[in-house]
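Residue strings, one per chain:
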Amino acid sequence: MINFTFSYPTKVYFGEGSAEKALDAELGKYGGTVMLAYGGGSVKKHNIYDEILKLLTKAGKKVVDFPGIMPNPTYAKVQEGVGLAQKENVDFILAVGGGSVIDCCKVIAAQTMLDEDIWNLEYVKGQFPTKGIPMGAVVTASGTGAEMNAGGVITHEEKKWKGGIFGMAPVFAVLDPAYTMSVPPMQVLSGAFDTLSHAMETYLGTSDEDNVSDDVALAIMRNTVVNMRRLLKNMEDRKARSNLMWDSAMAENGILKCGRLTDFQAHQIEHQLGAYTDCNHGQGLAVIHPAYYRHIVGDADDKFTRFGKVVFDADTAEAGIDALENFIKECGLPTKMSQLKSTVEITPEVLRQVADTCNIIKSGPRELDREEIYEILMECL
Ligand code: NZQ
Ligand code: ZN
């Protein structure tokens, strides 16, 4: 185990009715003006917005509405939120949505209390914010695990870059599986595949033998696959959605990362693919993973063999990767770039730019070079 410091910044309220429990218990700690942030309208359509608004009103809060946070939230949207938070003297931000809404709010929370541009602070100076407006998260679509960490993934459209910006971690998170029941099947499966990817990418990073974090990561992977298969049989299975909701938080709340390094090379490639195409995050990962894994299988044979056996009951490392690819097909997730919903035609030139601009990870099974990343992407075309 390598050294680590671990603390939970987020208090979790899990289960049906937990929004009321959480907001009753938590909101009194913060000032009177709450920014209610959400996405493109699903929360209004499915009555989650009304329920939350009622609870905020009951708590005597002045509500400042901030709608329209898009999937793959942009840096411009962050700045719009900052402007509103400053103008209205917002005391608390409540993000109601999936990873996109939560991420955008984490960064708004930090940027609002900074005198300088957060991008500059983090990417030019290598410093990180130490304070921000407190925020909470009500998760309506699970998968990213964004609700239990401080990292926001933001697309900087001018810079053609999608990547992490550290903001504020939610002080509390509401995880009520009932709120996820209206998420369309393909988004549920894309989100769950993202969870699977987080556990796989963590597991494939550098760790010592018989590492406890490896064991926990494998358990999360197995459970995610089991419950995705339950949903394939019955999308209304609330128990499966509940397990997936906690799998999602567990995969990204830091527990799996204790005492080891992580890989996350597939994520780095996918984020830049997202910057150029605005594709769905989980679906982009589904396309990239098998091709990436076939490139590195020889560098982590033991880990892939164990992954195959525990998660898919496969006999060899290669058979485990085949099983992963078959599972992606079984879920109806995309396996080729042409199946991704994209704002541009995904051509070799686009993929060249993705390969030339994505981060390269040093703590995975093997450090790739840009030519090999391009090869991987071309194999997915
Ligand atoms: O915008 P609305 O109308 O709300 O619709 C959303 C959106 O279209 C819909 N939705 C959400 N809750 C719903 C619902 N539809 C019906 N019923 C509900 N209850 O779902 C769609 C997708 O939402 P989004 O938040 O974009 O999905 P997800 O949770 O997968 O988040 C993706 C973003 O998170 C980032 C990704 O890169 C991407 O930008 N990630 C964040 C991470 C983190 N902070 O730790 C880690 C991840 O690796 C990831 O990079
Ligand atoms: Zn992810």
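Structure shown above.
Residues numbered from 1 in each chain as written. Chains lettered and ligands numbered in written order. Predicted model: local features only at pLDDT ≥ 70, side-chain atom pairs only at ≥ 80, totals over all residues. Heavy atoms only, no water.

One open sheet accounts for six strands, arranged 1-8-5-4-2-3; its pairing is parallel. At either end of the open sheet lies a strand with only one pairing partner, and these are strand 1 (11-14) and strand 3 (62-66). Averaged over all adjacent pairs, the angle separating strand axes in this sheet is 20°, with direction ignored. Note: strand 5 (residues 135-139) against strand 8 (residues 172-175), four bridges, orientation parallel. Counterpart to G136 in the pairing with strand 8 is F172. Taken strand by strand, helix 4 (residues 75-87) contacts strand 2 (33-37) and strand 3, and its axis lies near 155° from that of strand 3. (Pairing = 2+ DSSP bridges. Helix = DSSP H or I, 4+ residues; strand = E, 2+ residues; numbered from the N terminus. Axes fitted to C-alpha atoms, helices over the stretch in contact; angles between N-to-C directions. Contact = heavy atoms within 4.5 Å.)

Let's shift gears to the packing of aromatic side chains. Geometry of an aromatic ring pair is reported as the spacing of the ring centres plus the angle between the planes. Taken as a whole and judged by the stated rule, the model has 13 aromatic pairs. Centre to centre, the rings of Y123 and W161 are 6.2 Å apart; their planes meet at 80°, and the pair counts as edge-to-face. With a gap of 38 residues between them, Y123 in helix 6 (residues 118-124) and W161 in strand 7 (residues 161-166) connect regions that are remote in the sequence. Take W161: its relative accessible area is 14%, and that puts it in the buried class. Both rings, one in Y292 and one in Y293, keep their centres 5.7 Å apart while their planes meet at 40°; by these two values the pair is tilted. Among the aromatic residues, those joined into a cluster by ring pairs are Y75, W119, Y123 and W161. (Phe/Tyr/Trp six-rings, centres within 6.5 Å; stacked < 30°, edge-to-face > 60°. Buried < 20%, exposed > 50% of the residue type's maximum accessible area, 1.4 Å probe, protein only.)

One non-glycine residue with positive phi stands out, namely D278, at about 60°. Residue placement: D278 occurs in the loop between helix 10 (265-277) and helix 11 (281-296). The class of D278 is partly exposed, set by a relative accessible area of 40%. Notably, D313 is not glycine yet its phi reads approximately 60°, a positive angle. Residue position: D313 is located in the loop between helix 12 (301-312) and helix 13 (317-330).

Before going further, it helps to spend a moment on the site of ligand 1. Every one of the 33 residues lining ligand 1 counts as a neighbour, but G40, S42, S100, D103 and H198 are closest to it. At a separation of 2.7 Å, a nitrogen atom of ligand 1 approaches a polar side-chain atom of D103. Contacts to ligand 1 include T140, whose side-chain N or O atom sits 2.8 Å from a nitrogen atom. Sort the elements by how many residues they give to the shell around ligand 1 and helix 5 (residues 99-112) lands first, with four residues. Its residues assigned to classes, the shell around ligand 1 shows nine nonpolar, 19 polar and five charged. (Near = heavy atom within 4 Å. Polar contact = N/O pair within 3.5 Å; in protein donor to acceptor, adjacent residues only side chain to side chain. Nonpolar A, V, L, I, M, F, W, Y, C, P; charged D, E, K, R; others polar.)

Where like charges cluster on the molecular surface, the negative patch consists of D208, E209, D210, D301, D302 and E318. The topology assignment puts E318 in helix 13. On the basis of relative accessibility, which here comes to 44%, the residue E318 falls in the partly exposed class. (Patch = residues over 30% accessible without salt bridge, like charges linked within 9 Å, V, L, I, M, F, W, Y side chains within 5 Å. Areas by Shrake-Rupley, 256 points an atom, 1.4 Å probe, with all protein chains shown as cover. Salt bridge = Lys/Arg side-chain N within 4 Å of Asp/Glu carboxyl O. Lys, Arg positive; Asp, Glu negative; His and termini not counted. Charge placed at Lys NZ, Arg CZ, Asp CG, Glu CD.)

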